Amino acid sequence: MALLEGYAALLVKWQKAINLVAPDSLPDLWRRHMLDSAALFPLIPATARVLVDLGSGAGFPGLVLAIMGAPEVHLVESDARKCAFLSEGARLFAPGRATVHRTRIEAAPTILADVVTARALAELPKLLAYAAPFLKPDGICLFPKGRRVEDELTLTKQTWTMAVERLSNPADPSGIILRIKGLAR
């Protein structure tokens with residue numbers, strides 16, 4: 001908990017200089033961002049060794065999961081300022097467990113992952129296109145989603161086949177967490 005508190009304090013400090021999260025969400029940082037990210041941790045399979053977080057931004061959920069103990073987390077972010085923040089957060093609060101990749105998702109090195117995460121990055125069809133190259137054949141995607149999730153799932157069925165579980169999100173009663181397995185075009 002102390003590490004997450006340190007990370008939160010670092011975020012608040014850096015937020016003054018760069019826009020890491022929506023300013024109106026800062027007063028509710030712990031529920032809107034920390035708990036929303038931490039809710040994924042118990043869904044990570046015990047055998048998972050590599051996690052790729054796409055569009056990491058301020059580190060939600062990837063850096064939070066690394067701080068909580070996910071073993072090898074790769075944070076993919078194209079914004080240099082956000083990468084500087086992520087690198088400092090990883091150095092201070094998740095040493096040896098998080099690697100920052102400053103690149104666009106499409107240009108990122110292929111890192112085969114047991115788990116791919118992303119939060120507030122894109123609608124599901126595009127998100128799956130981003131995630132697919134990183135996902136091991138038996139890997140899973142964990143995506144917190146909001147009110148439009150059923151519309152996104154309907155669009156996704158036109159291009160993708162997959163097994164989808166809809167799990168409740170303790171941080172957001174109106175949202176859910178999608179656990180996706182068996183992803184194929």
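Residues numbered from 1 in each chain as written. Predicted model: local features only at pLDDT ≥ 70, side-chain atom pairs only at ≥ 80, totals over all residues. Heavy atoms only, no water.

Undergrad: Give a description of the pairing of strand S7 (residues 176-184) that names residues and reports values.
TA: Bridge count for strand S5 (residues 135-145) against S7 is six bridges, and the pairing is antiparallel. Bridged to isoleucine 140 within S7 is lysine 181. With seven bridges joining them, strand S6 (residues 161-168) and S7 adopt antiparallel strand pairing. The partner of arginine 166 across the bridge, within S7, is leucine 178. (Pairing = 2+ DSSP bridges. Helix = DSSP H or I, 4+ residues; strand = E, 2+ residues; numbered from the N terminus.)

Undergrad: Hey, could you go over the sheet that holds strand S3 (residues 98-102) for me, with residue numbers and the actual values?
TA: Picture the strands of a sheet paired through backbone hydrogen bonds; they go either parallel or antiparallel. The seven strands lie next to each other as S3-S2-S1-S4-S5-S7-S6, forming an open sheet whose pairing is mixed. Every interior strand has two partners, whereas the edge strands, S3 and S6, have only one. Recorded for the sheet is a direction-independent mean angle of 20 degrees between the axes of neighbouring strands. By the bridge criterion, five bridges tie strand S2 (residues 72-77) to S3 in an arrangement that is parallel. Along S3, the bridge assignment pairs histidine 74 with threonine 99. Strands strand S1 (50-54), strand S4 (113-118), S5, S6 and S7 of the sheet are contacted by helix H5 (residues 124-131), whose axis makes an angle of about 145 degrees with S5. (Axes fitted to C-alpha atoms, helices over the stretch in contact; angles between N-to-C directions. Contact = heavy atoms within 4.5 Å.)

Undergrad: Which residues make up the packing of helix H1 (residues 2-15) against helix H2 (residues 29-38), and what values do they have?
TA: Two elements in contact, H1 and H2, have axes separated by 12 Å at closest approach and are oriented at 120 degrees. The orientation of H1 relative to H2 falls into the category oblique. Taken as a pair, H1 and H2 cross one another with a handedness that is right-handed. Here Leu4, Glu5, Tyr7, Ala8, Leu11 and Val12 of H1 lie close against H2, whose contacting residues are Leu29, Trp30 and Met34. Tallied by class, the residues present in the contact of H1 with H2 amount to eight nonpolar, no polar and one charged. (Parallel < 35°, antiparallel > 145°, perpendicular 65-115°, else oblique. Left-handed = near helix turned anticlockwise from the far one by under 90°. Nonpolar A, V, L, I, M, F, W, Y, C, P; charged D, E, K, R; others polar.)

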